[in-house]
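Geometric and topological summary
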Amino acid sequence: MHEMSLCESILGILKDQAVSQQFSKVDRVCLEVGPLSGVETEALRFGFDVVTRGSLADGARLDIIEPQVAAWCLPCEKTVSINERFDPCPECGSHQLQVTSGEELRIKELEVS
Ligand SMILES: [Zn+2]
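We now turn to the structure provided with this report. Here the structure is a predicted model, which means the values were calculated and not measured.

Reading the values: rules and limits
- Residue numbering note: each chain is counted from 1, following its sequence as written.
- Local features in a predicted model are, by the rule used here, given only for residues with pLDDT of at least 70; side-chain atom pairs are given and counted only at 80 or more, and totals for whole chains, interfaces and linings are based on all residues.
- With hydrogens and water stripped out, all remaining heavy atoms of the structure feed into the side-chain values.
- Elements are defined by DSSP. Helices are runs of H or I of four residues or more, strands are runs of E of two residues or more, and each kind is numbered from the N terminus.
- Take the residue count of a helix, subtract one, and multiply by 1.5 Å to get its expected span.
- A simple rule labels every residue: compare its accessible area, found with a 1.4 Å probe on the protein chains alone, to the largest value its type can have, and call it buried under 20%, exposed over 50%, or partly exposed in between.
- For this quantity, the arc is that covered by the directions from the helix axis to the C-beta atoms.
- For helices, the axis comes from a line fit to the C-alpha atoms of the stretch in contact; other axes are also lines fit to C-alpha atoms, and the angle between any two N-to-C directions lies between 0 and 180 degrees.
- By definition in this entry, angles of less than 35 degrees are roughly parallel, angles greater than 145 are roughly antiparallel, angles of 65 to 115 are roughly perpendicular, and the rest are oblique.
- Handedness of a crossing is defined here by the sense of rotation of the near helix relative to the far one, left-handed for an anticlockwise turn of less than a right angle and right-handed for a clockwise turn.
- Contacts are assigned to residue pairs with any non-hydrogen atoms lying within 4.5 Å of each other.
- Classification used: nonpolar for Ala, Val, Leu, Ile, Met, Phe, Trp, Tyr, Cys and Pro, charged for Asp, Glu, Lys and Arg, polar for all others including Gly.
- Here the term donor refers to an N, O or S atom within 2.8 Å of the metal (or 3.2 Å for Na, K and Ca), and because water is left out of the atoms, sites may appear incomplete.
- Any coordination sphere not matching a tetrahedral pattern (four donors, all angles between 85 and 135 degrees) or a square planar or octahedral pattern (four or six donors, opposite donors over 155 degrees apart, other angles between 65 and 115) is reported as irregular.
- Between any two strands, pairing holds if DSSP finds at least two bridges.
- We call a set of buried residues a nonpolar core when its members are Ala, Val, Leu, Ile, Met, Phe, Trp, Tyr or Cys and they connect through side-chain atoms within 4.5 Å of each other.

**Looking at helix H1 (residues 2-21)**
Its 20 residues give H1 an end-to-end C-alpha distance of 28 Å, which sits within 8% of 28 Å, the value for a rise of 1.5 Å per residue. All of the buried residues along H1 are Glu 3, Leu 6, Cys 7, Ile 10, Leu 11, Leu 14 and Ala 18. For H1, the angular spread of buried residues about the axis comes to 140°, placing them on one side. Summarising the geometry of H1, the exposed residues directed more than 90 degrees from the buried face are Asp 16, Val 19 and Ser 20. Note on H1: the residue one or two positions beyond its end, Gln 22, has a positive phi of about 55°.

**Points about the packing of H1 against helix H2 (residues 41-52)**
Between H1 and H2, the shortest axis-to-axis distance is 8 Å and the interhelical angle comes to 50°. With respect to H2, the axis of H1 lies oblique. Pair H1 / H2 crosses with right-handed handedness. Where H1 abuts H2, its residues Glu 3, Met 4, Leu 6, Cys 7, Glu 8, Ile 10 and Leu 11 lie against Ala 43, Leu 44, Phe 46, Gly 47, Phe 48, Val 50, Val 51 and Thr 52. Classifying every residue of the contact of H1 with H2 by side-chain character gives 11 nonpolar, 2 polar and 2 charged.

**Overview of the coordination of the zinc ion**
For the zinc ion, the protein coordination sphere consists of Cys 73 (SG), Cys 76 (SG), Cys 89 (SG) and Cys 92 (SG), at 2.3 Å. For the zinc ion, the 4 donor atoms in the first shell make angles of 106 to 115° at the metal, a pattern classed as tetrahedral. Residue classification places Cys 73 among the buried positions, given a relative accessible area of 0%.

**A look at the sheet that holds strand S2 (residues 61-65)**
Reading across from one edge, S2-S1-S6 is the order of the 3 strands in this open sheet, with mixed pairing throughout. Since the sheet does not close on itself, it has two edges, and those belong to S2 and strand S6 (105-112), each with one partner. On average, each strand axis in the sheet is inclined to that of its neighbour by 20°, with strand direction left out of account. Direction of pairing for strand S1 (residues 26-33) relative to S2: parallel, over a ladder of 5 bridges. Note on S2: the bridge partner recorded for Leu 31 is Ile 64.

**Points about H2**
End to end, H2 covers 16 Å across 12 residues, agreeing with the expected 16 Å (1.5 Å per residue, within 8%). Every buried residue of H2 is accounted for by Thr 41, Ala 43, Leu 44, Gly 47, Phe 48, Val 51 and Thr 52. Looking straight down H2, one finds that the buried residues subtend no more than 145° of arc, so they occupy a single side. Opposite the buried face of H2, at more than 90 degrees from it, the exposed residues are Glu 42 and Phe 46. Taken together, the buried residues of H2 touch H1, S1 and S2. One or two residues past the end of H2 sits Gly 54, with phi positive at roughly 75°.

**Considering the nonpolar core**
Membership of the largest hydrophobic core comes to 20 residues, with the highest contact counts inside it found for Leu 14, Val 26, Val 29, Leu 31, Leu 44 and Phe 48. If one sorts the elements of this core by residue count, H1 sits on top with 6 residues. Among residues more than four places away in sequence, those in contact with Val 26 are Leu 14, Leu 56, Ala 57, Ala 60, Leu 110, Glu 111 and Val 112.

Here it is, written out as structure tokens:
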């Protein structure tokens, strides 16, 4: 399950931050997970609980934000909102779209003490 290794990298980042920013406990982690990132949010929540057990993030609240998928439509020359990677442009039906958001996977906010 690749969500598990993702959670381990997240915990690694938290530990690094704890050293550089001098905190000892993480109370809340807010992750931004794009619908196109290929990450199962349920598996991510499960992995996070397992991986953080006994660590500085034990019991931390995990908030997951799922941003909308957006793409740049070449014919329309503007950003449109789509549901899936290969959806056509909702306005002109073109497939000349370049996905501009929806693939992100990052720590957006941290609450620490
Ligand atoms: Zn279009």
